[in-house]
Amino acid sequence: MPEPQRVPATELRRVPVNGVELNVALAGSGPAVLLLHGFPHTWEVWTDVMSDLSSRYRVIAPDLRGFGASSGTASGYDAGTLAQDAAALLTTLGVSSAAMVGIDAGTAPAFLLALRRPDLVRRLVVMESLLGRLPGAEEFLADGPPWWFGFHSAAPGLAETVLEGHEAEYVDWFLRAGTLGDGVRPALRDAFVRAYTGRQALRRAFSYYRALPESAAQIEQAVATARLMVPTMALGARPVGAALERQLRPIADDLTGHVIEDCGHIIPLHRPRALLALLRPFLAGEDTKATGPDLFE
């Protein structure tokens, strides 16, 4: 029998960049892959993906500024600043070129960095999010954005005041909805709840939503003067589906899109095998336009 593959250990490191200290998980060696999480997650949303990719790549998974164990600031939760954080992190770690993978809140900064710095970003994977007000998401937004966007941002200070003391129930709702009712492993669930417990932790997370108008303006300004030149893959599940791919299609030179069936919003935890079946060949520069037999679980 072949020996089981050894999975490189994950190292947690505090890295000062761009006026904040980021909590960063590092594993493996080889070409760099930077993973950006969303809400209500931390770097640990990538746990299953990292254990596979770290056998071939240097995997870098930070908590975004203000999220998880990274330090927060009063401002800087817009996509442009988060993209600057990512670029500064790569520079500090001595990385001259990386593949970028973003989900949810991590999608817009990953996109902006790839658009502005094709010298730094060699490939881009974005999933389960929308890019501001770019055309293509009209069908998805026909009934308005998801309810929590308004709740998190409509009256600054309200959501965190209402939710303080009930963080576990709130995070649990997103984890169940994002896995179509399956939920996530208890250890991960507990880690996410801890990361979003307390009024200050909630306020920092909701600051991302309160910065969405600024992020949307940054995206519109960026695409007005540049095209997305790096090879890009847009992945959807429920609920976003193909909306992100439709937004990217007019502005991307090399775009592949997939919708993973029977998969909730939190793709890396709900269907990691299906995600990896697409990530592996794409990161290696292979054709991912044809779906293989192991795409769906």
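We now turn to the structure provided with this report. In this convention, every chain numbers its residues from 1, walking through the sequence in written order. Side-chain atom pairs in this predicted model are given and counted only at pLDDT of 80 or more, local residue features only at pLDDT of at least 70, and totals for whole chains, interfaces and linings cover all residues. Working from all heavy atoms in the structure, the side-chain values ignore hydrogens and water.

Some words on the overall build of the protein
As a reminder of what qualifies: Helix and strand labels come from DSSP, where a helix needs a run of H or I of at least four residues and a strand needs a run of E of at least two; each type is numbered from the N terminus. Here the radius of gyration uses the C-alpha set of atoms, whereas the globule reference equals 2.2 Å times the residue count to the power 0.38. Under the scheme applied here, a residue whose accessible area is under 20% of the maximum for its type counts as buried, over 50% as exposed, and between as partly exposed, the area being computed with a 1.4 Å probe on protein chains only.
When you go through the protein residue by residue, the secondary structure sums to 12 helices and 8 strands. Whereas a compact globule of 297 residues would reach a radius of gyration of roughly 19 Å, the protein reaches 18 Å, a difference of no more than 12%. Along the three orthogonal principal directions, the C-alpha set of the protein runs to about 55 × 45 × 40 Å. Out of the 297 residues belonging to the protein, those deemed buried represent 56%.

Considering helix 8 (residues 199-210)
The following threshold applies: In this analysis, the expected span of each helix is defined as 1.5 Å times one less than the number of residues it contains. By definition, residues are in contact when any of their heavy atoms lie within 4.5 Å.
Counted at 1.5 Å a residue, the expected span for helix 8 with its 12 residues is 16 Å, and the 16 Å between its end C-alpha atoms agrees. The complete set of buried residues in helix 8 reads Ala-201, Leu-202, Ala-205, Phe-206, Ser-207, Tyr-208 and Tyr-209. Residues of helix 8 that are buried in the fold lie against helix 2 (79-92), helix 4 (147-153), helix 5 (158-163), helix 6 (167-177), helix 7 (186-195) and helix 9 (212-225).

Quick notes on the sheet that holds strand 7 (residues 232-236)
Our working rule: Note on pairing: two strands pair once DSSP finds at least 2 bridges between them. For helices, the axis comes from a line fit to the C-alpha atoms of the stretch in contact; other axes are also lines fit to C-alpha atoms, and the angle between any two N-to-C directions lies between 0 and 180 degrees.
Read across the sheet, 8 strands follow the order 1-2-4-3-5-6-7-8 without closing on themselves; strand pairing throughout is mixed. Only two strands of the sheet have a single partner each, and these edge strands are strand 1 (11-17) and strand 8 (255-259). Within this sheet the neighbouring strands show an average axis-to-axis angle of 20°, counted without direction. Of the strand pairs in this sheet, strand 3 (residues 32-36) and strand 4 (residues 58-62) are connected by 3 bridges, and their pairing is parallel. When the bridges of strand 4 are listed, Val-33 appears paired with Val-59.

Section: the layout of surface pockets
One way to see where empty space is left: roll a probe the size of a water molecule over the atoms. As a reminder of what qualifies: A 1.4 Å probe that fits but cannot get out identifies a cavity on a 1 Å grid over protein atoms alone, an open set with protein on both sides within 12 Å along at least five of seven lines counts as a pocket, and a residue lines either if it has an atom within 4 Å of a point. Grid points are joined across faces, edges and corners, and a volume is the space filled by probe spheres set on the points. Basically, the charged four are Asp, Glu, Lys and Arg, the nonpolar ten are Ala, Val, Leu, Ile, Met, Phe, Trp, Tyr, Cys and Pro, and anything else, Gly included, counts as polar.
Estimated volume of the largest pocket: approximately 820 Å³. Taken together, 38 residues make up the lining of the largest pocket; nearest its centre are Leu-130, Pro-146, Phe-149, Tyr-209 and Leu-212. Every element with two or more residues in the lining of the largest pocket is listed here: helix 4, helix 6, helix 8 and helix 9. Per element, the largest residue contribution to the lining of the largest pocket is 5 residues, and it comes from helix 9. For the lining of the largest pocket, the per-class residue count stands at 26 nonpolar, 7 polar and 5 charged.

Structural notes on empty space enclosed by the protein
Throughout the structure, instances matching the rule amount to 1 cavity of 30 Å³ or more. Put simply, the largest cavity is a space of about 60 Å³. Every residue along the wall of the largest cavity is listed here: Leu-22, Leu-36, Pro-62, Asp-63, Leu-64, Arg-65, Leu-82, Asp-85 and Ala-86. The leading source of residues in the lining of the largest cavity is helix 2, at 3 residues.

Keep in mind that these numbers describe shape and distance, not what the molecule does.
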